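Residues per chain, in single letters:
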Amino acid sequence: MRALVTGAGGFVGHHLIRHLLKQGDEVTAVVRHAGERLAADIVAANVRLERADLVMPDAIGRVIAAVEPDHIYHLAALSSVAESFAEPLRVLDNNAATVVNLLDAVRQAAPAARVLLVSSAEVYGRPRNGSPIDEGAELQPESPYAVSKATQDLLGYQYWVAYGLHVIRVRPFNHIGPGQGDQFVASSFARQVAEIEAGIQRPEILVGNLSAKRDFTDVRDIVRAYRLAVEAGEDGAVYNLGSGRAVAIQEILDRLTALSRVPLEVATDPSRLRPVDAPLMVCNAGRFQNRTGWTPGIPLATTLQDLLDDWRAQVAVTRRS
């Protein structure tokens, strides 16, 4: 299949491209800025690289017309919750415009393409009863980022209803793994452990709210689900993706500090506390599992070890340069 991946230079994009290549797909990677780079193994695989700012409709239209993709994976977004509170209008404008421009380009140049829109479990807000969240739950976004993802999600549905585009939506819960940026909690902890081990940071991990519980899935399981969704998902449908298990942020911290090679302490940093933070979010992925047979396969212990080892490698490179 000819696959096109937006946001290809990001954490999930790299993992998705590797998975698509293993499946034998011909991949075009779309990045926003001229300075963005793909990992060396992806470059070596002769992935086609296109630069296009999806906020500009002509840019993505040109790429889609040239590639004529069978499958489109829309990952591009401003994805930091904290950043969305600081710059809400920027995040809302960007995330809505990219979807409208993408889907208009698909409608005009590749109407037969199957399009995966990646929403977020953040659209549900705080669950009211502590039960696993299914796709029928009310959308109650509690951050500007979550509002922007709900907007993307609903635009996907609207383009399916109005124009018959083959849009499938997914709402992944927290996904983590090697290569993730340190604006996300598990990766922030892992980076700090690696820097403490290297003597760059004092032996104290700075943390926010540790009592919140989240549903964590390895990114490599999530990207496997993305391809299954494009292959077997129902047009217009939406699917939750997650492990079905809630893990306290405290447990993530405890597991990573237990892997540290040096002793360290923990301190609360008020700047890391969100204005709104749901106490519990856990996924009911039954709809997707019934449709495709997908289940996560990578244990949390493996994910955290790989995440920490990746940060150790990055820190070592930084120290040598």
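Residues numbered from 1 in each chain as written. Predicted model: local features only at pLDDT ≥ 70, side-chain atom pairs only at ≥ 80, totals over all residues. Heavy atoms only, no water.

Peer 1: A description of the pairing of strand 6 (residues 166–172) should follow, citing residues and the corresponding values.
Peer 2: The buried fraction of strand 6 is high, at six of seven residues. As a crossover connection, the stretch from strand 5 (residues 114–118) through helix 6 (residues 144–163) into strand 6 is right-handed. Relative to strand 11 (residues 238–241), strand 6 runs parallel, the two sharing four bridges. Within strand 11, the residue paired with proline 172 across the bridge is leucine 241. (Buried < 20%, exposed > 50% of the residue type's maximum accessible area, 1.4 Å probe, protein only. Helix = DSSP H or I, 4+ residues; strand = E, 2+ residues; numbered from the N terminus. Right-handed = clockwise from strand over helix to strand, strands pointing away. Pairing = 2+ DSSP bridges.)

Peer 1: How would you explain the side chain of serine 148 if you had to name every residue and give the values?
Peer 2: Examined against the element boundaries, serine 148 turns out to sit in helix 6. In this structure serine 148 comes out as buried when scored by relative accessible area, which is 1%. Residue contacts for serine 148: discarding those within four places in its chain leaves Val91, Leu92 and Asn95. (Contact = heavy atoms within 4.5 Å.)

Peer 1: Mind laying out the sheet that holds strand 6, listing which residues take part and the relevant values?
Peer 2: If you walk across this open sheet you meet the seven strands as 3-2-1-4-5-6-11, and the pairing is parallel. The sheet is open, and its two borders are formed by strand 3 (48–51) and strand 11, each paired with just one other strand. If you compare each strand with its neighbour and ignore which way they point, the axes differ by 20° on average. (Axes fitted to C-alpha atoms, helices over the stretch in contact; angles between N-to-C directions.)

Peer 1: Give a description of unusual backbone geometry that names residues and reports values.
Peer 2: Even without glycine at this site, asparagine 46 takes up a positive phi of about 60°. Counting through the fold element by element, asparagine 46 comes out in the loop between helix 2 (40–44) and strand 3. Asparagine 46 sits in the exposed class, given a relative accessible area of 69%. A positive phi is found at glutamate 68, a non-glycine position, where the angle reads about 50°. Along the polypeptide, glutamate 68 turns up in the loop between helix 3 (57–67) and strand 4 (71–74).

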